[in-house]
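# Understanding the architecture of this molecule
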Amino acid sequence: MTPLRAALVGVGRIADMHYLGYSATPMAELTAICDIDPDLLSRRAAEWNVEKTYTNFDDLLSDPDVDAVDIITPHYLHAPMTIAALEAGKHVTVQKPMALTIAEADAMIKAAERAGRLLRVIDNYRFHPPFVRAKQILESGGIGEPMSIRIKTASGTAPDGWEIPQSSHVWRSDPTLSGDGSVLFDHGHHVWTIARYLLGDIERVFAYIGRTEVVKHHEIVPGGILDNPGMIVWKYADRDLYGTCESVHSEELIVRSTHYPIDASFEITGSRGILYVHKSPNGQLVQRPPIEILRDGSITSISNVDTDYAAGFRLAIEDFVHAIADGRASALTGEEGREILRFSLAMVRSGREGREVVVADER
Ligand SMILES: NC(=O)c1ccc[n+]([C@@H]2O[C@H](COP(=O)([O-])OP(=O)(O)OC[C@H]3O[C@@H](n4cnc5c(N)ncnc54)[C@H](O)[C@@H]3O)[C@@H](O)[C@H]2O)c1
(Lines give C-alpha, C1' and ligand atoms only; values in the text may rest on other atoms or scores of the structure.)
Protein backbone atom coordinates (compact mmCIF):
# COMPACT_ATOMS: atom_id res chain seq x y z
CA MET A 1 0.00 0.00 0.00
CA THR A 2 1.25 3.54 -0.80
CA PRO A 3 1.77 5.50 2.41
CA LEU A 4 -0.56 8.44 3.13
CA ARG A 5 1.25 11.69 2.28
CA ALA A 6 0.55 14.03 5.20
CA ALA A 7 1.40 17.67 5.91
CA LEU A 8 1.53 19.42 9.28
CA VAL A 9 0.08 22.94 9.38
CA GLY A 10 1.39 24.91 12.36
CA VAL A 11 4.65 23.43 13.61
CA GLY A 12 4.64 24.99 17.09
CA ARG A 13 4.80 23.36 20.53
CA ILE A 14 2.54 20.34 20.18
CA ALA A 15 3.69 19.54 16.63
CA ASP A 16 6.57 17.62 18.28
CA MET A 17 4.09 14.92 19.29
CA HIS A 18 2.41 14.81 15.87
CA TYR A 19 5.82 14.43 14.22
CA LEU A 20 6.61 11.44 16.48
CA GLY A 21 3.24 9.91 15.55
CA TYR A 22 3.87 10.09 11.78
CA SER A 23 7.45 8.82 12.20
CA ALA A 24 6.15 5.73 14.00
CA THR A 25 3.56 4.88 11.35
CA PRO A 26 4.88 3.05 8.25
CA MET A 27 1.59 3.69 6.46
CA ALA A 28 2.23 7.46 6.45
CA GLU A 29 4.98 9.83 5.47
CA LEU A 30 5.42 13.47 6.41
CA THR A 31 5.59 15.09 2.97
CA ALA A 32 5.38 18.80 3.81
CA ILE A 33 5.12 21.28 6.66
CA CYS A 34 3.56 24.74 6.76
CA ASP A 35 3.93 27.66 9.18
CA ILE A 36 3.85 31.46 8.87
CA ASP A 37 7.08 31.66 10.89
CA PRO A 38 9.88 31.06 8.32
CA ASP A 39 12.63 30.56 10.94
CA LEU A 40 10.66 27.97 12.84
CA LEU A 41 9.74 26.30 9.55
CA SER A 42 13.35 25.88 8.44
CA ARG A 43 14.40 24.65 11.92
CA ARG A 44 11.64 22.03 11.86
CA ALA A 45 12.44 21.01 8.24
CA ALA A 46 16.06 20.35 9.21
CA GLU A 47 15.18 18.63 12.49
CA TRP A 48 12.57 16.35 10.86
CA ASN A 49 14.22 15.99 7.47
CA VAL A 50 11.20 17.27 5.54
CA GLU A 51 11.92 18.69 2.06
CA LYS A 52 8.78 20.67 1.24
CA THR A 53 7.99 23.76 3.31
CA TYR A 54 5.24 26.34 2.87
CA THR A 55 4.69 29.68 4.57
CA ASN A 56 1.38 30.04 2.74
CA PHE A 57 -1.42 27.59 3.51
CA ASP A 58 -3.11 28.04 0.09
CA ASP A 59 0.13 27.04 -1.65
CA LEU A 60 0.25 23.88 0.47
CA LEU A 61 -3.32 23.07 -0.53
CA SER A 62 -2.34 23.31 -4.23
CA ASP A 63 0.32 20.62 -3.76
CA PRO A 64 -0.97 17.43 -5.42
CA ASP A 65 1.54 15.36 -3.42
CA VAL A 66 -0.34 16.05 -0.17
CA ASP A 67 -3.24 13.68 0.61
CA ALA A 68 -4.04 14.83 4.16
CA VAL A 69 -3.43 17.86 6.33
CA ASP A 70 -2.99 17.86 10.08
CA ILE A 71 -4.11 21.28 11.38
CA ILE A 72 -2.28 22.30 14.56
CA THR A 73 -2.76 26.06 14.44
CA PRO A 74 -4.44 28.44 16.95
CA HIS A 75 -8.12 27.68 17.53
CA TYR A 76 -9.64 30.52 15.45
CA LEU A 77 -7.97 29.08 12.32
CA HIS A 78 -9.31 25.54 12.75
CA ALA A 79 -12.64 26.07 10.95
CA PRO A 80 -11.49 28.15 7.95
CA MET A 81 -8.41 25.98 7.38
CA THR A 82 -10.35 22.73 7.69
CA ILE A 83 -13.01 23.87 5.22
CA ALA A 84 -10.42 25.12 2.70
CA ALA A 85 -8.44 21.85 2.96
CA LEU A 86 -11.54 19.69 2.47
CA GLU A 87 -12.57 21.81 -0.52
CA ALA A 88 -9.08 21.23 -1.94
CA GLY A 89 -9.74 17.47 -1.69
CA LYS A 90 -7.52 16.75 1.35
CA HIS A 91 -8.44 14.57 4.31
CA VAL A 92 -8.25 16.55 7.57
CA THR A 93 -7.31 15.89 11.16
CA VAL A 94 -7.70 19.01 13.29
CA GLN A 95 -6.53 19.69 16.82
CA LYS A 96 -9.05 20.24 19.59
CA PRO A 97 -11.25 22.20 20.04
CA MET A 98 -12.36 21.73 16.42
CA ALA A 99 -13.84 25.26 16.31
CA LEU A 100 -15.01 28.15 18.46
CA THR A 101 -18.73 27.91 17.64
CA ILE A 102 -21.28 25.23 16.73
CA ALA A 103 -22.00 27.05 13.45
CA GLU A 104 -18.33 26.63 12.48
CA ALA A 105 -18.37 22.94 13.48
CA ASP A 106 -21.54 22.41 11.39
CA ALA A 107 -19.87 24.02 8.38
CA MET A 108 -16.79 21.80 8.78
CA ILE A 109 -18.90 18.63 8.92
CA LYS A 110 -20.89 19.72 5.84
CA ALA A 111 -17.67 20.49 3.96
CA ALA A 112 -16.40 16.95 4.68
CA GLU A 113 -19.66 15.44 3.44
CA ARG A 114 -19.56 17.55 0.25
CA ALA A 115 -15.93 16.66 -0.42
CA GLY A 116 -16.26 12.97 0.48
CA ARG A 117 -13.13 13.28 2.63
CA LEU A 118 -12.38 12.21 6.19
CA LEU A 119 -12.65 14.79 8.98
CA ARG A 120 -11.67 13.93 12.48
CA VAL A 121 -10.65 15.82 15.62
CA ILE A 122 -7.50 14.74 17.39
CA ASP A 123 -7.59 14.46 21.17
CA ASN A 124 -4.72 12.41 22.52
CA TYR A 125 -6.59 11.60 25.78
CA ARG A 126 -9.10 9.56 23.76
CA PHE A 127 -6.26 7.21 22.73
CA HIS A 128 -4.18 7.40 25.93
CA PRO A 129 -3.83 3.70 26.86
CA PRO A 130 -4.99 4.00 30.53
CA PHE A 131 -8.31 5.48 29.36
CA VAL A 132 -8.71 2.83 26.65
CA ARG A 133 -8.11 0.13 29.31
CA ALA A 134 -10.56 1.86 31.67
CA LYS A 135 -13.22 1.76 28.95
CA GLN A 136 -12.62 -2.00 28.48
CA ILE A 137 -12.93 -2.55 32.25
CA LEU A 138 -16.22 -0.65 32.36
CA GLU A 139 -17.61 -2.48 29.34
CA SER A 140 -16.72 -5.88 30.79
CA GLY A 141 -18.66 -5.04 33.97
CA GLY A 142 -15.48 -4.69 36.07
CA ILE A 143 -17.19 -2.38 38.59
CA GLY A 144 -20.82 -3.25 37.85
CA GLU A 145 -23.22 -0.52 36.71
CA PRO A 146 -21.55 2.95 36.73
CA MET A 147 -23.28 5.38 39.09
CA SER A 148 -20.99 8.43 39.11
CA ILE A 149 -17.74 9.88 37.80
CA ARG A 150 -15.58 12.27 39.79
CA ILE A 151 -12.73 14.10 38.03
CA LYS A 152 -10.11 16.36 39.53
CA THR A 153 -7.67 18.49 37.57
CA ALA A 154 -4.89 20.53 39.11
CA SER A 155 -2.39 22.62 37.18
CA GLY A 156 0.69 24.35 38.50
CA THR A 157 4.37 24.56 37.73
CA ALA A 158 6.62 21.88 36.29
CA PRO A 159 10.31 22.68 36.88
CA ASP A 160 11.27 20.24 34.09
CA GLY A 161 8.28 21.03 31.86
CA TRP A 162 8.09 22.26 28.28
CA GLU A 163 8.95 25.80 27.34
CA ILE A 164 6.04 27.51 25.59
CA PRO A 165 6.82 29.91 22.70
CA GLN A 166 5.98 33.58 23.37
CA SER A 167 3.77 33.69 20.25
CA SER A 168 1.67 30.92 21.76
CA HIS A 169 1.09 32.92 24.97
CA VAL A 170 -0.25 35.77 22.84
CA TRP A 171 -3.03 33.93 20.95
CA ARG A 172 -3.97 31.86 23.99
CA SER A 173 -4.50 35.05 26.04
CA ASP A 174 -7.06 36.44 23.57
CA PRO A 175 -10.51 34.80 23.90
CA THR A 176 -11.45 35.88 20.35
CA LEU A 177 -8.59 33.72 19.05
CA SER A 178 -8.64 30.85 21.56
CA GLY A 179 -12.16 30.67 23.03
CA ASP A 180 -13.48 31.24 26.51
CA GLY A 181 -10.86 29.90 28.87
CA SER A 182 -7.49 28.23 28.82
CA VAL A 183 -8.29 25.69 31.53
CA LEU A 184 -11.92 24.54 31.40
CA PHE A 185 -12.66 25.35 27.74
CA ASP A 186 -9.29 24.44 26.20
CA HIS A 187 -7.66 21.81 28.42
CA GLY A 188 -11.18 20.85 29.50
CA HIS A 189 -11.74 19.43 26.01
CA HIS A 190 -9.64 16.42 27.03
CA VAL A 191 -11.61 15.95 30.23
CA TRP A 192 -15.03 16.20 28.53
CA THR A 193 -13.80 13.85 25.79
CA ILE A 194 -13.03 11.21 28.42
CA ALA A 195 -16.23 11.86 30.39
CA ARG A 196 -18.23 11.13 27.18
CA TYR A 197 -15.97 8.32 25.94
CA LEU A 198 -16.26 6.37 29.20
CA LEU A 199 -19.93 6.92 30.00
CA GLY A 200 -21.85 8.36 27.02
CA ASP A 201 -23.86 11.43 26.04
CA ILE A 202 -24.33 14.30 28.49
CA GLU A 203 -27.68 16.05 28.81
CA ARG A 204 -27.30 18.94 31.32
CA VAL A 205 -24.55 20.92 33.01
CA PHE A 206 -24.17 23.38 35.84
CA ALA A 207 -20.87 25.21 36.27
CA TYR A 208 -19.29 27.48 38.83
CA ILE A 209 -16.35 29.11 37.03
CA GLY A 210 -14.09 31.59 38.79
CA ARG A 211 -11.80 34.17 37.18
CA THR A 212 -8.18 34.31 38.27
CA GLU A 213 -5.70 36.90 37.06
CA VAL A 214 -2.55 35.18 35.90
CA VAL A 215 0.73 35.91 37.60
CA LYS A 216 2.49 33.00 35.94
CA HIS A 217 0.88 30.26 33.91
CA HIS A 218 2.44 27.88 31.43
CA GLU A 219 0.37 29.19 28.49
CA ILE A 220 -1.11 32.60 29.35
CA VAL A 221 0.72 35.91 29.70
CA PRO A 222 0.69 37.66 33.11
CA GLY A 223 -2.42 39.82 33.45
CA GLY A 224 -4.47 37.34 31.40
CA ILE A 225 -7.53 35.73 32.96
CA LEU A 226 -7.84 32.03 33.77
CA ASP A 227 -11.24 30.33 33.89
CA ASN A 228 -10.45 28.85 37.29
CA PRO A 229 -11.11 27.60 39.91
CA GLY A 230 -14.11 25.66 38.68
CA MET A 231 -16.65 23.12 39.84
CA ILE A 232 -18.68 21.51 37.07
CA VAL A 233 -21.61 19.13 37.58
CA TRP A 234 -23.40 17.24 34.82
CA LYS A 235 -26.06 14.64 34.17
CA TYR A 236 -25.73 11.96 31.52
CA ALA A 237 -28.55 11.40 29.05
CA ASP A 238 -31.45 9.03 29.84
CA ARG A 239 -29.97 7.70 33.09
CA ASP A 240 -29.47 8.59 36.74
CA LEU A 241 -25.74 8.96 36.18
CA TYR A 242 -23.87 12.08 37.27
CA GLY A 243 -20.40 13.58 36.97
CA THR A 244 -18.38 16.28 38.68
CA CYS A 245 -15.10 17.96 37.85
CA GLU A 246 -13.15 20.05 40.32
CA SER A 247 -10.49 22.19 38.64
CA VAL A 248 -7.80 24.20 40.41
CA HIS A 249 -4.66 26.08 39.42
CA SER A 250 -1.83 27.39 41.55
CA GLU A 251 1.61 28.34 40.35
CA GLU A 252 2.97 27.23 43.76
CA LEU A 253 1.78 23.69 43.13
CA ILE A 254 4.59 21.54 41.73
CA VAL A 255 3.36 19.01 39.18
CA ARG A 256 5.89 16.46 37.97
CA SER A 257 5.93 16.65 34.19
CA THR A 258 8.28 16.82 31.25
CA HIS A 259 5.48 18.49 29.23
CA TYR A 260 2.54 20.43 30.70
CA PRO A 261 2.11 20.83 34.48
CA ILE A 262 -1.39 19.38 34.64
CA ASP A 263 -2.57 16.49 36.80
CA ALA A 264 -5.95 14.90 36.14
CA SER A 265 -7.44 11.94 37.98
CA PHE A 266 -10.68 10.08 37.32
CA GLU A 267 -12.77 7.99 39.70
CA ILE A 268 -15.81 6.04 38.47
CA THR A 269 -18.00 4.43 41.10
CA GLY A 270 -20.06 1.46 40.03
CA SER A 271 -22.57 -0.76 41.76
CA ARG A 272 -19.86 -3.33 42.58
CA GLY A 273 -16.64 -1.34 42.83
CA ILE A 274 -14.59 1.76 42.02
CA LEU A 275 -12.27 2.34 39.07
CA TYR A 276 -9.47 4.90 39.45
CA VAL A 277 -7.38 6.29 36.59
CA HIS A 278 -4.53 8.24 38.13
CA LYS A 279 -2.37 8.78 35.08
CA SER A 280 -3.60 11.21 32.47
CA PRO A 281 -1.09 12.06 29.73
CA ASN A 282 0.44 15.21 31.20
CA GLY A 283 1.84 15.51 34.70
CA GLN A 284 1.23 13.76 37.97
CA LEU A 285 1.03 15.22 41.48
CA VAL A 286 1.48 11.95 43.34
CA GLN A 287 3.07 8.81 41.94
CA ARG A 288 0.36 6.12 41.88
CA PRO A 289 -0.38 3.15 39.61
CA PRO A 290 -2.06 4.25 36.36
CA ILE A 291 -5.17 2.21 37.14
CA GLU A 292 -6.62 0.78 40.34
CA ILE A 293 -9.81 -1.21 40.82
CA LEU A 294 -11.52 -1.55 44.17
CA ARG A 295 -13.70 -4.62 44.16
CA ASP A 296 -14.95 -6.96 46.90
CA GLY A 297 -13.07 -4.96 49.52
CA SER A 298 -9.60 -5.13 47.96
CA ILE A 299 -7.60 -3.04 45.49
CA THR A 300 -5.99 -4.40 42.31
CA SER A 301 -3.35 -2.24 40.59
CA ILE A 302 -2.80 -2.30 36.85
CA SER A 303 0.62 -1.09 35.76
CA ASN A 304 1.21 -2.90 32.46
CA VAL A 305 -0.17 -0.04 30.41
CA ASP A 306 1.72 2.54 28.35
CA THR A 307 1.50 5.93 30.10
CA ASP A 308 3.88 7.81 27.81
CA TYR A 309 2.63 11.23 26.69
CA ALA A 310 3.46 10.40 23.06
CA ALA A 311 1.38 7.19 23.00
CA GLY A 312 -2.02 8.88 22.64
CA PHE A 313 -0.77 10.94 19.68
CA ARG A 314 0.83 7.93 17.98
CA LEU A 315 -2.31 5.83 18.33
CA ALA A 316 -4.56 8.71 17.21
CA ILE A 317 -2.44 9.26 14.10
CA GLU A 318 -2.39 5.51 13.35
CA ASP A 319 -6.17 5.45 13.61
CA PHE A 320 -6.52 8.41 11.20
CA VAL A 321 -4.19 6.81 8.64
CA HIS A 322 -5.85 3.38 8.88
CA ALA A 323 -9.35 4.91 8.71
CA ILE A 324 -8.50 6.58 5.39
CA ALA A 325 -7.01 3.35 4.03
CA ASP A 326 -10.02 1.30 5.15
CA GLY A 327 -12.64 3.89 4.10
CA ARG A 328 -14.09 4.05 7.62
CA ALA A 329 -14.57 6.81 10.21
CA SER A 330 -11.76 7.57 12.64
CA ALA A 331 -12.47 7.81 16.38
CA LEU A 332 -13.51 11.36 17.25
CA THR A 333 -15.39 12.16 14.09
CA GLY A 334 -16.39 15.72 13.33
CA GLU A 335 -19.81 14.92 14.81
CA GLU A 336 -18.30 13.71 18.10
CA GLY A 337 -15.95 16.70 18.21
CA ARG A 338 -18.99 18.95 17.80
CA GLU A 339 -20.73 17.30 20.80
CA ILE A 340 -17.67 17.90 22.98
CA LEU A 341 -17.59 21.53 21.83
CA ARG A 342 -21.33 21.80 22.54
CA PHE A 343 -20.74 20.62 26.10
CA SER A 344 -17.87 23.10 26.57
CA LEU A 345 -20.00 25.99 25.31
CA ALA A 346 -22.93 24.93 27.51
CA MET A 347 -20.57 24.81 30.50
CA VAL A 348 -19.23 28.31 29.73
CA ARG A 349 -22.80 29.63 29.39
CA SER A 350 -23.80 28.00 32.68
CA GLY A 351 -20.85 29.59 34.47
CA ARG A 352 -21.63 32.99 32.98
CA GLU A 353 -25.40 32.94 33.55
CA GLY A 354 -25.44 31.01 36.86
CA ARG A 355 -28.01 28.44 35.73
CA GLU A 356 -28.30 24.87 34.55
CA VAL A 357 -27.93 24.56 30.76
CA VAL A 358 -29.34 21.81 28.53
CA VAL A 359 -26.41 20.84 26.32
CA ALA A 360 -28.58 20.34 23.19
CA ASP A 361 -29.75 23.98 23.44
CA GLU A 362 -26.24 25.17 22.55
CA ARG A 363 -26.47 25.84 18.80
N1 LIG B 1 -3.56 17.53 22.53
C2 LIG B 1 -2.88 18.28 23.34
O3 LIG B 1 -2.51 17.83 24.38
C4 LIG B 1 -2.54 19.67 22.93
C5 LIG B 1 -1.52 20.34 23.60
C6 LIG B 1 -1.17 21.60 23.15
C7 LIG B 1 -1.86 22.20 22.11
N8 LIG B 1 -2.88 21.54 21.53
C9 LIG B 1 -3.64 22.17 20.43
O10 LIG B 1 -2.78 22.28 19.29
C11 LIG B 1 -2.99 23.53 18.61
C12 LIG B 1 -1.68 24.31 18.56
O13 LIG B 1 -1.20 24.52 19.87
P14 LIG B 1 0.34 24.80 20.17
O15 LIG B 1 0.47 24.77 21.64
O16 LIG B 1 1.21 23.93 19.34
O17 LIG B 1 0.44 26.32 19.66
P18 LIG B 1 1.73 27.11 19.14
O19 LIG B 1 1.38 28.55 19.25
O20 LIG B 1 2.96 26.62 19.81
O21 LIG B 1 1.81 26.68 17.61
C22 LIG B 1 0.91 27.16 16.63
C23 LIG B 1 1.69 27.34 15.33
O24 LIG B 1 0.76 27.74 14.30
C25 LIG B 1 1.45 28.66 13.46
N26 LIG B 1 0.48 29.44 12.68
C27 LIG B 1 -0.27 30.48 13.08
N28 LIG B 1 -1.00 30.96 12.05
C29 LIG B 1 -0.71 30.18 10.98
C30 LIG B 1 -1.14 30.16 9.62
N31 LIG B 1 -2.03 31.06 9.16
N32 LIG B 1 -0.62 29.24 8.77
C33 LIG B 1 0.29 28.34 9.23
N34 LIG B 1 0.74 28.31 10.51
C35 LIG B 1 0.25 29.22 11.37
C36 LIG B 1 2.25 29.51 14.44
O37 LIG B 1 3.29 30.21 13.78
C38 LIG B 1 2.75 28.45 15.42
O39 LIG B 1 4.02 27.93 15.05
C40 LIG B 1 -4.13 24.19 19.37
O41 LIG B 1 -5.33 23.80 18.77
C42 LIG B 1 -4.07 23.59 20.77
O43 LIG B 1 -5.31 23.57 21.46
C44 LIG B 1 -3.22 20.28 21.91
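Shown above is the structure to which this text applies.
First, a word on what this report is: a plain description of the structure on this page. (Residues numbered from 1 in each chain as written. Predicted model: local features only at pLDDT ≥ 70, side-chain atom pairs only at ≥ 80, totals over all residues. Heavy atoms only, no water.)

### Re the nonpolar core
In this structure, Leu 60, Val 69, Trp 192, Ile 232, Trp 234 and Met 347 are the most contacted members of the largest nonpolar core, which totals 77 residues. Considering each element in turn, this core owes the most residues, ten residues, to helix 10 (residues 182-199). Split by domain, the residues of this core number at least three in each of domain 1 (4-125 + 312-330) and domain 2 (126-305 + 343-357). The residues touching Met 347, leaving out its near neighbours within four places in the chain, are Leu 184, Phe 185, Trp 192, Val 205, Ala 207, Ile 209 and Ile 232. Of all hydrophobic cores here, the second largest spans 35 residues; its members include Ile 14, Ala 45, Val 50 and Ile 324. (Core = buried A, V, L, I, M, F, W, Y, C linked by side-chain atoms within 4.5 Å. Buried < 20%, exposed > 50% of the residue type's maximum accessible area, 1.4 Å probe, protein only. Helix = DSSP H or I, 4+ residues; strand = E, 2+ residues; numbered from the N terminus. Domains from an automatic or database assignment. Contact = heavy atoms within 4.5 Å.)

### Quick look at the site of the ligand
In the vicinity of the ligand, 26 residues are found, and the nearest of them are Arg 13, Asp 35, His 75, Trp 171 and Arg 172. Within the backbone of Ile 14, one N or O atom sits 3.0 Å away from an oxygen atom of the ligand. At 3.5 Å, a side-chain N or O of Gln 95 approaches a nitrogen atom of the ligand. Burial of the ligand by the protein amounts to 92% of the accessible area it has alone, namely 850 Å². Those elements giving two or more residues to the shell around the ligand turn out to be helix 4 (78-87), helix 8 (166-172), helix 10 and helix 11 (309-326). Of the residues forming the shell around the ligand, the biggest block, three residues, is contributed by helix 8. Residue composition of the shell around the ligand, by class: twelve nonpolar, nine polar and five charged. In this structure, the shell around the ligand is formed jointly by two domains, domain 1 (4-125 + 312-330) and domain 2 (126-305 + 343-357), each of which donates at least three residues. (Near = heavy atom within 4 Å. Polar contact = N/O pair within 3.5 Å; in protein donor to acceptor, adjacent residues only side chain to side chain. Areas by Shrake-Rupley, 256 points an atom, 1.4 Å probe, with all protein chains shown as cover. Nonpolar A, V, L, I, M, F, W, Y, C, P; charged D, E, K, R; others polar.)

### Side note on the sheet that holds strand 8 (residues 202-209)
Sheet strands pair by backbone hydrogen bonding; their relative direction is either parallel or antiparallel. Spatial ordering of the open sheet is given by 16-15-14-13-7-12-11-8-17, a layout of nine strands whose pairing is mixed. Where the open sheet ends on each side, the last strands, each with one partner, are strand 16 (298-302) and strand 17 (357-358). Taken together, the seven bridges between strand 8 and strand 11 (residues 230-236) define a ladder with antiparallel strand orientation. Considered in strand 11, the bridge of Val 205 is made with Trp 234. (Pairing = 2+ DSSP bridges.)

### Observations concerning the side chain of Gln 284
Structurally, Gln 284 can be placed in the loop between strand 14 (273-277) and strand 15 (291-295). Within the structure, the side chain of Gln 284 is placed 3.4 Å from the backbone oxygen of His 278, a separation counted as a polar contact. Discounting residues that sit within four places of it in the chain, Gln 284 has contacts with Val 255, Arg 256, Asp 263, His 278 and Lys 279.

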